[in-house]
Amino acid sequence: MTLSHRGILFLDELPEFDRGVLEVLREPLESGQITISRAARQSDFPARFQLVAAMNPCPCGYLGDVSGKCRCSPDQVGRYRGRISGPLLDRIDLQLFVPRVEREALIAAVDPGAESSEHVRSRVTAASRRQAERAGKPNAQLTPREIERDCPVDAQTRGLLEAAMTRMGLSARAYHRVLKVARTIADLAGAQALAAGHVGEALRLRELDRGQI
Ligand SMILES: [Zn+2]
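Bear in mind that the values here come from a model prediction, so they are computed numbers and not experimental data.

What counts and how
- Residues numbered from 1 in each chain as written.
- Predicted model: local features only at pLDDT ≥ 70, side-chain atom pairs only at ≥ 80, totals over all residues.
- Heavy atoms only, no water.
- Helix = DSSP H or I, 4+ residues; strand = E, 2+ residues; numbered from the N terminus.
- Axes fitted to C-alpha atoms, helices over the stretch in contact; angles between N-to-C directions.
- Parallel < 35°, antiparallel > 145°, perpendicular 65-115°, else oblique.
- Left-handed = near helix turned anticlockwise from the far one by under 90°.
- Contact = heavy atoms within 4.5 Å.
- Domains from an automatic or database assignment.
- Buried area = accessible area lost by both parts, 1.4 Å probe.
- Salt bridge = Lys/Arg side-chain N within 4 Å of Asp/Glu carboxyl O.
- Polar contact = N/O pair within 3.5 Å; in protein donor to acceptor, adjacent residues only side chain to side chain.
- Nonpolar A, V, L, I, M, F, W, Y, C, P; charged D, E, K, R; others polar.
- Expected span 1.5 Å × (residues − 1).
- Buried < 20%, exposed > 50% of the residue type's maximum accessible area, 1.4 Å probe, protein only.

J.: Describe the environment of Ala163, with residues and values.
T.: By secondary structure assignment, the location of Ala163 is in helix α8 (residues 155-168). Measuring from C-alpha to C-alpha, the distance between Ala163 and Ser73 comes to 30 Å, with 90 residues separating the pair along the chain.

Below you can see the structure in the form of C-alpha cells.
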C-alpha cells in the first residue's frame, strides 16, 4: 500500500485474497496512511493510493455472459461475493460490470466517433483544477463538513438520494462517497451546481450495491 502512495494499487481476482488482507485496506482507504505496530514500536507510512480491483461475477466467470455457460448456484455466487465484506465494498466508489468483448469487436477498427484520449485528458485536467480552486484538494479527500459546503443538494435530490440509500442498504460513509462522486461528475461536465442527474449517475455507478451484476 505504501509503495503505491500517490499511484494505483491494482488487485486482480479480488475475492482470491485472504479476507484478513482485504480488511487491512479499509483504514488506509479512509486515512491515506498505514500504521504498522511491532512489539513496542509503531510507524506510520503514507498510503494515499487509488484502489483498482477486478473480479469475476461468479466462481466460473460466466454469470451474465451471452453464452449462458454459467452453472453456478445462487449460493455459490453469494459465497464468492461474500469474500468482499460490506465495509470494504462501501469504500469502492465505482463498481462496474464489464462484459466480455466479442472477438469481432476486438479486431475491428477503433470507433471513429469515440472521444479521444487527448480530449478526455483535457476534461479531467479541467475538473481537477476546479477541485483545487474550490477546496485546495481533490473531491475524494473532502471531509464531511466540506461535503456539506461543496456538495449542496436541493430537497428533491436529497429525497432521491435517501430513498436510493435505503433501497441499496448503504451506510452514512457511502452516502458521503456518493456525493463526492456526484461532485466529480458535475466537475467533469463543467457544472457549478450539483443536480439530481449527477447524483443519479453516481448511484448508478455502484452496480454491485444495486445488485445489477
Ligand atoms: Zn458461474
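Here the narrative resumes, following the displayed structure.
J.: Give me the lowdown on the packing of helix α6 (residues 117-135) against helix α9 (residues 172-189), citing residues and values where you can.
T.: Their axes nearest at 8 Å, the elements α6 and α9 cross at an angle of 120°. Classified by the interaxial angle, the pair formed by α6 and α9 is oblique. The two elements α6 and α9 meet at a crossing, and its hand is right-handed. Across from Arg123, Val124, Ala127, Arg130, Gln131 and Arg134 in α6, the residues of α9 making contact are Arg183, Thr184, Asp187 and Leu188.

J.: Hey, could you go over the domain arrangement of the chain for me, with residue numbers and the actual values?
T.: Parsing the chain into structural domains produces domain 1 (2-35 + 43-92) and domain 2 (117-210). For domain 1 versus domain 2, the separation of C-alpha centres amounts to 22 Å. Each side of the interface is counted separately: domain 1 has 9 residues, and domain 2 has 8 residues. Interface area for domain 1 against domain 2, summed over the two sides, is near 780 Å², with a carbon-plus-sulfur share of 41%. The largest contributions to the domain 1 side of the interface with domain 2 come from Leu89, Asp90 and Arg91, which together make up 59% of the buried area. Taken together, the links from domain 1 to domain 2 amount to 3 salt bridges. For Glu30, the salt bridge is made with Arg177, and the minimal N-O distance between the two is 3.1 Å. Counting every contact that joins domain 1 to domain 2 gives 6 residue pairs in polar contact (both at pLDDT 80 or more). Of the residues assigned to the side of domain 1 that touches domain 2, the class counts are 4 nonpolar, no polar and 5 charged.

J.: Any chance you could break down α6 for me, citing the residues and the numbers?
T.: Along its 19 residues, α6 runs 27 Å from first to last C-alpha, staying within 8% of the 27 Å computed at 1.5 Å per residue. Backbone geometry just downstream of α6 places Gly136 in the positive-phi region, at approximately 75°.

J.: Talk me through unusual backbone geometry; I want residue IDs and the actual numbers.
T.: The phi dihedral of Glu13 is positive, around 55°, even though this residue is not glycine. Checked against the element boundaries, Glu13 lands in the loop between β1 (8-11) and α1 (19-23). A residue is classified by how much of its surface remains accessible, and Glu13, at 33% relative accessible area, is partly exposed.

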